[in-house]
Amino acid sequence: MKRSALISDIIFAFFVAFLCTLFLFRYLGIGLFSAILLSVVCGGLTAAATAAFLQSKRKTVFLKRSDEAQKEKLLFHLACLSDEEKTDFFLRRLQTENSTAKRFGKLRLYTDENFYLLHFGFAPVNPDEVLAFSRLKTGKEKVVLCSKIEEQAYALAERLQMRILTGNEVYAYLKDNDALPAKYTGEETPEKKRKRRFELWFSRKNAKPFLVAAALTLLSALFSPFPYYYVLFGGIFLAASVLIRIFGCK
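Being a predicted model, the structure only gives us computed values, none of them experimental. (Residues numbered from 1 in each chain as written. Predicted model: local features only at pLDDT ≥ 70, side-chain atom pairs only at ≥ 80, totals over all residues. Heavy atoms only, no water.)

## A short note on the packing of helix H8 (residues 207-221) against helix H9 (residues 227-247)
Line of reasoning, step 1. The interhelical angle for the contact between H8 and H9, taken along N-to-C directions, is 160 degrees, at an axis separation of 8 Å. Judged by the inter-axis angle, H8 sits roughly antiparallel to H9. Our pair here, H8 against H9, has a crossing hand that is left-handed. Counted together, Ala-207, Phe-210, Leu-211, Ala-213, Ala-214, Thr-217, Leu-218, Ser-220 and Ala-221 of H8 and Pro-227, Tyr-230, Val-231, Phe-233, Gly-234, Gly-235, Phe-237, Leu-238, Ala-240, Ser-241, Ile-244 and Arg-245 of H9 form the full contact between these two elements. (Axes fitted to C-alpha atoms, helices over the stretch in contact; angles between N-to-C directions. Helix = DSSP H or I, 4+ residues; strand = E, 2+ residues; numbered from the N terminus. Parallel < 35°, antiparallel > 145°, perpendicular 65-115°, else oblique. Left-handed = near helix turned anticlockwise from the far one by under 90°. Contact = heavy atoms within 4.5 Å.)

## As for the pattern of salt bridges
Line of reasoning, step 1. For the structure on display, the rule yields five salt bridges.
Line of reasoning, step 2. As a salt-bridge pair, Arg-103 and Glu-84 come within 3.1 Å of each other at their nearest N and O atoms. Remark: Glu-84 occurs in helix H3 (residues 83-93) and Arg-103 occurs in strand S1 (residues 102-103); sequence separation between them is 19 residues.
Line of reasoning, step 3. For Arg-103, a relative accessible area of 34% corresponds to the partly exposed category.
Line of reasoning, step 4. A single salt-bridge network, built from bridges that share partners, covers Glu-68, Lys-71 and Glu-72. (Salt bridge = Lys/Arg side-chain N within 4 Å of Asp/Glu carboxyl O. Buried < 20%, exposed > 50% of the residue type's maximum accessible area, 1.4 Å probe, protein only.)

## Describing the pairing of strand S4 (residues 141-146)
Line of reasoning, step 1. For S4, a buried count of five out of six residues is recorded, marking the element as mostly surrounded by other parts of the structure.
Line of reasoning, step 2. Alignment of strand S3 (residues 114-119) against S4, held across six bridges, turns out to be parallel. Residue Asn-114 lies in a different strand from S4, and its bridge partner there is Glu-141.
Line of reasoning, step 3. A crossover links S3 with its parallel partner S4, the connecting element being helix H4 (residues 127-134), and its sense is right-handed.
Line of reasoning, step 4. Of the strand pairs in this sheet, S4 and strand S5 (residues 163-165) are connected by three bridges, and their pairing is parallel. (Pairing = 2+ DSSP bridges. Right-handed = clockwise from strand over helix to strand, strands pointing away.)

## Quick notes on the nonpolar core
Proteins that are soluble and globular tend to have nonpolar side chains buried together.
Line of reasoning, step 1. With 22 residues, the main nonpolar core has Phe-90, Phe-120 and Leu-145 as its most contacted residues.
Line of reasoning, step 2. Every residue in contact with Phe-120, bar those within four places of it in the chain, is listed here: Leu-75, Leu-78, Ala-79, Lys-86, Phe-90, Leu-145, Cys-146, Ser-147 and Val-170.
Line of reasoning, step 3. Core analysis: the second largest hydrophobic core is formed by 13 residues, Val-125, Leu-136, Ala-157 and Met-162 among them. (Core = buried A, V, L, I, M, F, W, Y, C linked by side-chain atoms within 4.5 Å.)

## Examining the packing of aromatic side chains
Line of reasoning, step 1. This structure, assessed with the given rule, holds nine aromatic pairs.
Line of reasoning, step 2. Plain terms: the ring middles of Phe-89 and Phe-90 are 5.1 Å apart, the flat faces sit at 75 degrees to each other, and that makes the pair edge-to-face. Just as Phe-89 is buried, Phe-90 falls in that class too.
Line of reasoning, step 3. Residues Tyr-110 and Phe-115 carry aromatic rings whose centres are separated by 6.2 Å and whose planes lie at 10 degrees to one another, so their mutual orientation is stacked. (Phe/Tyr/Trp six-rings, centres within 6.5 Å; stacked < 30°, edge-to-face > 60°.)

## Concerning the layout of surface pockets
Line of reasoning, step 1. Here the largest pocket is characterised by a volume of approximately 220 Å³.
Line of reasoning, step 2. If you trace the largest pocket, you find 15 residues lining it, with Leu-94, Asn-114, Tyr-116, Leu-165 and Tyr-173 closest to the centre.
Line of reasoning, step 3. Elements with a minimum of two residues in the lining of the largest pocket: S3, S4, S5 and helix H6 (167-176).
Line of reasoning, step 4. When grouped by side-chain class, the residues that make up the lining of the largest pocket number eight nonpolar, four polar and three charged. (1 Å grid on protein atoms, 1.4 Å probe; cavity = no way out; pocket = protein on both sides within 12 Å on 5 of 7 lines; lining within 4 Å. Points joined across faces, edges and corners; volume = space filled by probe spheres on them. Nonpolar A, V, L, I, M, F, W, Y, C, P; charged D, E, K, R; others polar.)

## Quick notes on the side chain of Thr-87
Line of reasoning, step 1. The residue Thr-87 is located in helix H3 in this model.
Line of reasoning, step 2. Of the residues examined, Thr-87 reaches a relative accessible area of 0% and is grouped as buried.
Line of reasoning, step 3. Looking at Thr-87, its side chain comes within polar contact range of the main-chain oxygen of Asp-83, at 2.8 Å.
Line of reasoning, step 4. Apart from the residues lying within four places of it in its own chain, the contact partners of Thr-87 are Arg-103, Gly-105, Lys-106, Leu-107, Leu-109 and Leu-118. (Polar contact = N/O pair within 3.5 Å; in protein donor to acceptor, adjacent residues only side chain to side chain.)

## Concerning the packing of H4 against helix H5 (residues 151-159)
Line of reasoning, step 1. Running from N to C, H4 and H5 point in directions that differ by 20 degrees, and their axes come no closer than 8 Å. In terms of their interaxial angle, H4 and H5 are classed as roughly parallel. Judged by the sense of rotation from one axis to the other, the crossing of H4 with H5 is right-handed. Facing H4, whose interface residues are Pro-127, Val-130 and Leu-131, H5 presents Gln-152, Ala-153, Leu-156 and Ala-157.
Line of reasoning, step 2. Partitioned by chemical class, the residues of the contact of H4 with H5 number six nonpolar, one polar and no charged.

Now the structure itself:
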């Protein structure tokens, strides 16, 4: 929610509460001055409650968006890892105080209670992959960890009494256990980010806006009683446009 919209909603809530309580107090026979004073208090309390509610809602939405972005980074990171790296990643993170995770080949792990199949790629799990995993002979509960799964494959897994944990559940588990990666594949380093911003600010394409600003500012000097101000800043804009055009990044 934008700041202006937030303030507008708070003001709106204040006046609604003020008007409603004002007419109520006057109907009850309270004097005009006292009714206005009490209505202002009621309006202020309503506005404060509205502000607290909207701020809480705004924070919740922000956290949801932040989590969604981080989840997408995690799934992209896992999809880019090799099968061996995916296996090692979850081997370390499935270790608990009461259960030890062990390897059963690439993309397959087991603990005392569960047998896991890892499937993190850009394509969803299909029914054939679920069926192949179901043929594995084990007394443990079979669990598929994946980014996403086809509806038909999900229905088949439920029918075969297999548990499916998709991207949302995997992200929540890793986050709750402080097991998210320290660095994600494809994530910009601070140095690269600063370099990209520098190239964006000093791109040669920015010479044109500076030139237009210089032209308008210098033209304004012809009609202003204080031309030196416009000449000074027009000259600065003009010099900036020339420097950026010559030395700016492509």
